[in-house]
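Chains, contacts and geometry: an overview
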Amino acid sequence: DAGVIQSPRHEVTEMGQEVTLRCKPISGHDYLFWYRQTMMRGLELLIYFNNNVPIDDSGMPEDRFSAKMPNASFSTLKIQPSEPRDSAVYFCASRRQGITYNEQFFGPGTRLTVL
Amino acid sequence: AQSVAQPEDQVNVAEGNPLTVKCTYSVSGNPYLFWYVQYPNRGLQFLLKYITGDNLVKGSYGFEAEFNKSQTSFHLKKPSALVSDSALYFCAVRDGSGGSYIPTFGRGTSLIVHP
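Residues numbered from 1 in each chain as written. Chains lettered and ligands numbered in written order. Predicted model: local features only at pLDDT ≥ 70, side-chain atom pairs only at ≥ 80, totals over all residues. Heavy atoms only, no water.

Observations concerning the pattern of salt bridges
To keep things clear, this is the line we draw: The term salt bridge refers to a pairing of a side-chain nitrogen on Lys or Arg with a carboxyl oxygen on Asp or Glu at a separation within 4 Å. Throughout, exposure labels follow a simple rule: accessible area from a 1.4 Å probe, protein chains only, divided by the maximum for the residue type, with under 20% read as buried, over 50% as exposed, and the rest as partly exposed.
Summed over the entire model, instances satisfying the criterion amount to twelve salt bridges over all chains. Of the charged contacts in the structure, one is a salt bridge between B:Glu64 and B:Lys58, with a shortest N-O distance of 2.9 Å. Assessed through its relative accessible area of 63%, B:Lys58 is described here as exposed. The residue B:Asp85 makes a salt bridge to B:Lys78 at a minimum N-O spacing of 2.8 Å. Linked through salt bridges whose partners overlap, the residues forming this network are A:Glu62, A:Arg64, A:Glu83, A:Arg85 and A:Asp86.

A look at the layout of surface pockets
This is how the line gets drawn: Grid points spaced at 1 Å over the protein atoms alone were grouped into cavities, where a 1.4 Å probe fits but cannot get out, and pockets, open sets with protein on both sides within 12 Å along at least five of seven lines, with lining residues defined by an atom within 4 Å of a point. Grid points are joined across faces, edges and corners, and a volume is the space filled by probe spheres set on the points. Note on conventions: DSSP H or I runs of at least 4 residues are helices, E runs of at least 2 residues are strands, and numbering of each starts at the N terminus.
Quantified by volume, the largest pocket comes out at close to 640 Å³. Around the largest pocket sit 26 residues that line it, and A:Gln37, A:Thr38, A:Met39, B:Gln38 and B:Leu88 are the ones nearest its centre. Every element with two or more residues in the lining of the largest pocket is listed here: β4 (31-38), β9 (88-95) and β11 (110-114) of chain A together with β10 (87-95) of chain B.

Details of the side chain of B:His75
We apply this condition: Each polar contact in these results corresponds to two N or O atoms within 3.5 Å; when the atoms are within protein, one needs to be able to donate a hydrogen and the other to accept it, and residues that are neighboring in sequence are counted only if both atoms are side-chain atoms.
Note that B:His75 resides in strand β9 (residues 73-78). Here B:Cys23 takes part through its backbone nitrogen, which lies 3.0 Å from a polar atom of the side chain of B:His75.

A few points about the sheet that holds strand β3 (residues 19-24) of chain A
By way of backbone hydrogen bonds, the strands of a sheet pair with one another, either parallel or antiparallel. Residues and elements named next belong to chain A. To keep things clear, this is the line we draw: Following DSSP output, two strands are said to pair if at least two bridges run between them. Structural elements are reduced to axes, namely lines fitted to C-alpha atoms, with helices fitted over the stretch in contact, and the angle between N-to-C directions of any two is expressed from 0 to 180 degrees.
Taken together, four strands build an open sheet; the order of strands is β1-β3-β8-β7 and the sheet is antiparallel. A single partner strand is all that each edge strand has here, and the edge strands are β1 (5-7) and β7 (65-71). Between one strand axis and the next, the sheet turns by 15° as a mean value, whatever way the strands run. Of the strand pairs in this sheet, β1 and β3 are connected by three bridges, and their pairing is antiparallel. Within β3, the position partnered with Ser-7 by the bridge is Arg-22.

Details of the pairing of β9(B)
Residue and element names in this part refer to chain B. Counting buried positions along β9 yields five of six residues, so the element is predominantly enclosed. Sheet topology places strand β3 (residues 19-21) next to β9; three bridges connect them, and they run antiparallel. Following the sheet pairing, Val-21 is matched in β9 by Leu-76. Note: strand β8 (residues 64-68) against β9, five bridges, orientation antiparallel. The residue of β9 that forms the bridge with Phe-67 is Phe-74. The antiparallel pairing of β8 with β9 creates a hairpin that spans four residues between the two strands, and Thr-72 there sits at a positive phi of about 45°.

Details of unusual backbone geometry
Glycine aside, residues mostly have negative phi, and peptide bonds are mostly found in the trans state. Residues and elements named next belong to chain A. At the junction of Ser-7 and Pro-8, the peptide bond is cis and its omega measures out at -10° in the coordinates. Here Pro-8 is to be found in the loop between β1 and β2 (10-13). Omega for the peptide link from Gln-80 to Pro-81 comes to -5°, which places this bond in the cis form. On the secondary structure map, Pro-81 appears in the loop between β8 (74-79) and β9. Despite not being glycine, Asn-52 has its phi angle at roughly 75°, a positive value. Mapping Asn-52 onto the fold places it in the loop between β5 (42-50) and β6 (53-56).

As structure tokens, this is what we get:
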């Protein structure tokens, strides 16, 4: 398996522009998570899906952020309009539902810089 | 509610010496505990987990962790550190007795192994 795939790996954009981050989870995994990592705030959970349905988006910082999961193999995180304070590394992770709790598998991340 | 604390932002150790990265947790029910490692410019990778059973858990790359219920701790250890162990280490906890099915991550501890 190729693992969790994220694209792009790096994104540089200007303030006010729309940014779309993409994620392909591991096949057969039921949960998908979006995290944001910054030096100041550490690793923050933004939103997670179970079987393509958003379960908890309480970590989404503002209405400028939105996430979708149209099918089991694809998810997007969109920021519109982007701001410099959105600069961070965004991780997607997935895990398989099981009898005991399974670990999460993280993608390589997208490093976003908003100028 | 569940929470995890990693009291040290950074741990320095000489190569060949034993290392310990500390983690304490708080959950209402039974703890499910995890350690992840993040190498530079990479996503988090699973190291080991405690769900039930033996208090000493062995994981990848020669790491192990000891679950101590009375001290609510789950410290990560390795008998002999390698320079290549230098990375960011995250502890995570989830309440195995119900509640949120999502783990809470600590802020991370930077491990630096000196040659």
